[in-house]
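A structural walkthrough
Spelled out from the first residue to the last, the chains are:
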Amino acid sequence: MSTPRGQMVLTMFMLSSGFQMDSWRDPRSRSEEIGELSLIADMATAAERAKLHAVFFGDGVDVGTIRDNNIRNTGLYEPISSMGALIGATDKIGLVGSVSTTFSEPYNVARQLTGLDRLSGGRVGWNIVTSLFGGYQNFGQSEMPSPEARYRRAQEFVDVALKLWDSWSDDAVLNDRVSGQWADISKIRDIDYEGEHFSVKGALNMPRSPQGHPVLFQAGQSPAGLQLGASVADAIYTAQPDLESMRVFSDRVRAQAVTSGRDPGSIKILPGVVPIVGRTAREAEELSQELESFIDLVAGRRRLSFAAGISIDDLDLEESIPAERFVEGPQNSSRWHSFRRMALEEGLTVRQMIVAFARAGGHRILIGSAEDVARDMIDWFDRGVCDGFNLDPPSIPDGMNRMLELLVPLLQERGYFQTDYTGDTLRERMGFARPAGR
Ligand SMILES: Cc1cc2nc3c(=O)[nH]c(=O)nc-3n(C[C@H](O)[C@H](O)[C@H](O)COP(=O)(O)O)c2cc1C
């Protein structure tokens, strides 16, 4: 066995209904507990037993897809409150949550994350998002700001948050009972920020947190998104269905990091992967078919049509989307291009595309024995196109347990994943230096 090039970072997407759409219909699911602490506490402790670096809550700020009976990608667990609740239920695992820069203010967010980082002893991460899925109607706005406008605000938002996090020196708290001085006020500085979107006097009303500031995650794929990620993020989440697209993405992130004056090797790139794991390849295939049987094809057709921006109501399930329905245009997302590839290059039928989208939503899906899946993940890692993975549990709890109990131990056995936590904070455990105050 060759020696691994370091070890992977592994986090787990906390989608309490399962990453595969409609997998909550599995009779073994715990869907009656969605929204309750018991469910996420069990998920996080299972991930902690497997020594994962962190669990990760995505978020959206509108009712969105719930109305379409798709509860996968919604904010049923609000990240700040959920991370807070999990602090007491866990000990070492990192807690990462999405918070939107489009629909919040930096002073609030900087405080909330500092609070969580202090309360958890330095285990918190922030996934910086600009609200891909909408929500403007809930915040007094008449339309969704353009992606460019959202990213301009995001860049400034993060800059203000960083300034607030550095508004206290690390040694500002004296706690000197004799002199009666709790803090050295000369070490608490206003930030006096005036910018395009924000005017913030500062300073923060909380001391610098154990990690200096939370670990920063980001997941933008567009040029503006990528620029934000490469300039500020410690770790980057991404959905890449195959090796070639993964390589192109990594190269772009690393090149952009250099342009932003950063060491390209210092950023951890973590693609999502949906592992459907069996004790044998045959068992995995059976599980995969069982999971497929939960997919609502009628709703699935609507969701696919909406996501691709293409009308497919009249098509038979067994035919492919015709080429003329894919109209090229600057507005087409990377997701649109991957749908086009599926239909025209890979020849997938409407049914197969519904299933693929419901299963993986653009992330990579790996179906097989734990050995097969581990080999595949190790291959990407060894090629240097990624630094670990965000594990998307196909179903809860069954798909998650198989992933954590069959797959992760194999990665550990082969030396590719930690068998215990080292370091005191999420930042240290992920291999990042503590940022010096500005
Ligand atoms: C693993 C992963 C998790 C994401 N989580 C969220 C989220 O919680 N909320 C959100 O609004 N967008 C989320 N996104 C979307 C990204 O933030 C980003 O908007 C998307 O990848 C498209 O890139 P772009 O905004 O640069 O076009 C996520 C993306 C990925 C790959």
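Residues numbered from 1 in each chain as written. Predicted model: local features only at pLDDT ≥ 70, side-chain atom pairs only at ≥ 80, totals over all residues. Heavy atoms only, no water.

1. Some words on helix α10 (residues 350-360)
Put simply, the test is: Think of it in three bands: residues with accessible area under 20% of the maximum for their type are buried, residues over 50% are exposed, and the middle band is partly exposed, with areas taken using a 1.4 Å probe on protein chains only. Helix and strand assignments come from DSSP, with helices taken as H or I runs of at least 4 residues and strands as E runs of at least 2, each series counted from the N terminus. By the convention used here, residues are in contact when the closest approach between their heavy atoms is within 4.5 Å.
Summarising burial for α10: eight of the eleven residues are buried, a large majority. Those residues of α10 not exposed but buried are Val350, Met353, Ile354, Val355, Phe357, Ala358, Arg359 and Ala360. Of the surrounding secondary structure, the elements contacted by the buried residues of α10 are β11 (268-278), α7 (281-292), α8 (297-308), α9 (334-345) and β12 (364-369). Looking at the residues trailing α10, positive phi occurs at Gly361, about 50 degrees.

2. Brief notes about the site of the ligand
Formally: We define proximity as follows: a residue is near a molecule or strand when any one of its heavy atoms falls within 4 Å of that partner. For this analysis, a polar contact is any N or O atom pair within 3.5 Å, provided that within protein one partner can donate a hydrogen and the other can accept it, and provided that sequence-adjacent residues contribute only side-chain to side-chain pairs. What sets the accessible areas is the Shrake-Rupley method with a 1.4 Å probe; for residues, cover comes only from the shown protein chains. Gly is put with the polar residues, along with every residue not named as nonpolar or charged; the nonpolar set is Ala, Val, Leu, Ile, Met, Phe, Trp, Tyr, Cys and Pro, and the charged set is Asp, Glu, Lys and Arg.
Taken together, 18 residues lie around the ligand, and Asp59, Ser98, Tyr151, Ala219 and Ser222 are the ones closest in. At 2.8 Å, a side-chain N or O of Ser98 approaches an oxygen atom of the ligand. One of the backbone N or O atoms of Ala219 is found 2.7 Å from an oxygen atom in the ligand. Relative to its free-state accessible area of 610 Å², the ligand is covered by the protein chains to the extent of 88%. Breaking the shell around the ligand down by element, the ones donating at least two residues are β4 (124-129) and β10 (235-238). Its residues placed into classes, the shell around the ligand shows seven nonpolar, ten polar and one charged.

3. A look at the pattern of salt bridges
How we decide: By salt bridge we mean one thing: a side-chain nitrogen of Lys or Arg within 4 Å of a carboxyl oxygen of Asp or Glu.
Applying the stated criterion across every chain, the model contains 31 salt bridges. A salt bridge links Arg152 to Glu196, with the shortest nitrogen-to-oxygen separation between them at 3.2 Å. Placement of Arg152 in helix α4 (residues 147-165) and of Glu196 in the loop between β7 (190-194) and β8 (199-202) is noted, with a sequence separation of 44 residues between them. Residue class for Arg152 comes out partly exposed when judged on its relative accessible area of 46%. Assessed through its relative accessible area of 56%, Glu196 is described here as exposed.

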